[in-house]
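Chains, contacts and geometry: an overview
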Amino acid sequence: MKKTLLHSLTFPPDTISTGMIVSEIADGINNELNFIEVLASYPQYNLKSFDSFNNNKKNIETRTYKNIKVHYLKSKPRHYSNFLRFFQWINFNFRSILFIYKNRKSYDNVMIFSYPPTMNLVCIFTSKILKINTVYSLWELYPEIAEKLNEQPNIILKTIFKFIDNYALESVDKVVVNSDELKDYLLNERKIKSKKIKTINHFSPFPKSFNIPNYDKSSIFYAGNTGKPQNLQVFLKFFDKYFPSDWHIDLYGSGKEFSKLSDFSKGNIKVHNYLERDKLDTAVKDIPFALICLDYEITVEAFPGKTFDYLSMNKILINFSNPDSAVSKLIEKYGLGINIDVNNPKSFLNKLQVLKGPEEIKKILDNISNFQKNISNKKIVCKKYLELISPSS
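This text gives an overview of the structure that appears in the document.

What follows deals with helix α13 (residues 345-355). For α13, the set of buried residues is Pro345, Phe348, Leu352 and Leu355. Along the long axis of α13, the arc covered by the buried residues comes to 70°, so they all point the same way. The outward face of α13, more than 90 degrees from its buried face, is lined by the exposed residues Lys346 and Gln353. Those residues of α13 hidden inside the fold are in contact with α8 (232-242), β12 (289-293), β13 (316-320), β14 (337-340) and α14 (358-374).

What follows is the structure, given as structure tokens:
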């Protein structure tokens, strides 16, 4: 019997949330099929683990994770230069295509997760050339994100990339998106057929925390990437200007813009280096509110994965992004916290006052519990992915 291959850049021992989510999806599907393999890169972020891989002189190393065979393709840790990172992606995609071609008779399904954006090349290869049932899980939309952040390449390269990306979306058998808003965008702007697109919300790949925050505390934290899409500098300025003086924020992170955030570390604002998930859970155990931060220009093109992890840590969400963003719509729809509009600070102060009320806290916590039980959990998400795999597996 042929197998299903899940293909992702990151995978444990990398502990970045994208790789962790893929690992839990793989585990959930494997519990039902027991015919799952994974193709990933050497660790991109976990440098300690990278050293153990780098001692291997071969171009690929195969290990086992939760009874799943994982093929790790040789690759250097993540470059922070956009230029170097692009060629790192292309090299990884080329090695992926060679591996899949060599083992093409072993797989009748390939599930590809969209980071990096050049994964669309692999999608075209598996769906159009090898004719393998291909599911493309689209978590971020390029070149739209680059355009919104003023990082787009020249018009010729942008046009070529969008053509390739659309061709990939049209070629695969199914496209998975993480919000209805992104689905609508693909329908209306990219002209992808509705029957091809399926919305599947994410979930936290980490167990539910046993720590219960002090919901009387006026404190908030952020943990994760500190790059341009997050635009944390704008939030910290907003915090300093508009939040009541008794509020505090702790920021834990790493990334392109992290060094610039150190200038804000004073008084009620504390900036810390990145912490692993278990250490972070302990460090913020008493903090009741967690920050989601997204550049105002980004609406449907990206969805912060930390949203679901915060909920598993028993935190109430405070979201600083465009009111029309997919994450704002989700929080509003399910009542998971409050949304802040940078252009309407007065309404924010009213929301913050209501948020501190015991009845409102209880209401939101009940909403979070229902959301995790009925929508955002591993069992439900894996079942939806399982439905996209061809019956021959």
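Spatially, eight strands are ordered β3-β4-β2-β1-β5-β6-β7-β8 in an open sheet, and the strand pairing comes out mixed. Whereas interior strands pair on both sides, the edge strands pair on one side only; in this sheet they are β3 (60-65) and β8 (197-199). Neighbouring strand axes in the sheet, compared pairwise and without regard to direction, differ in orientation by 20° on average. Both strand β1 (residues 3-7) and strand β5 (residues 107-113) contribute to a ladder of five bridges, which runs parallel.

Before going further, it helps to spend a moment on the sheet that holds strand β11 (residues 269-273). Pairing is parallel across the open sheet formed by six strands, whose spatial order is β11-β10-β9-β12-β13-β14. Among the strands making up the open sheet, the edge pair consists of β11 and β14. Strand-to-strand, the axes of this sheet are offset by a mean angle of 25°, without reference to chain direction. Pairing of strand β10 (residues 248-254) with β11, which is carried by five bridges, proceeds in the parallel orientation.

Reading the values: rules and limits
- Residues numbered from 1 in each chain as written.
- Predicted model: local features only at pLDDT ≥ 70, side-chain atom pairs only at ≥ 80, totals over all residues.
- Heavy atoms only, no water.
- Buried < 20%, exposed > 50% of the residue type's maximum accessible area, 1.4 Å probe, protein only.
- Helix = DSSP H or I, 4+ residues; strand = E, 2+ residues; numbered from the N terminus.
- Arc of directions from axis to C-beta.
- Contact = heavy atoms within 4.5 Å.
- Pairing = 2+ DSSP bridges.
- Axes fitted to C-alpha atoms, helices over the stretch in contact; angles between N-to-C directions.

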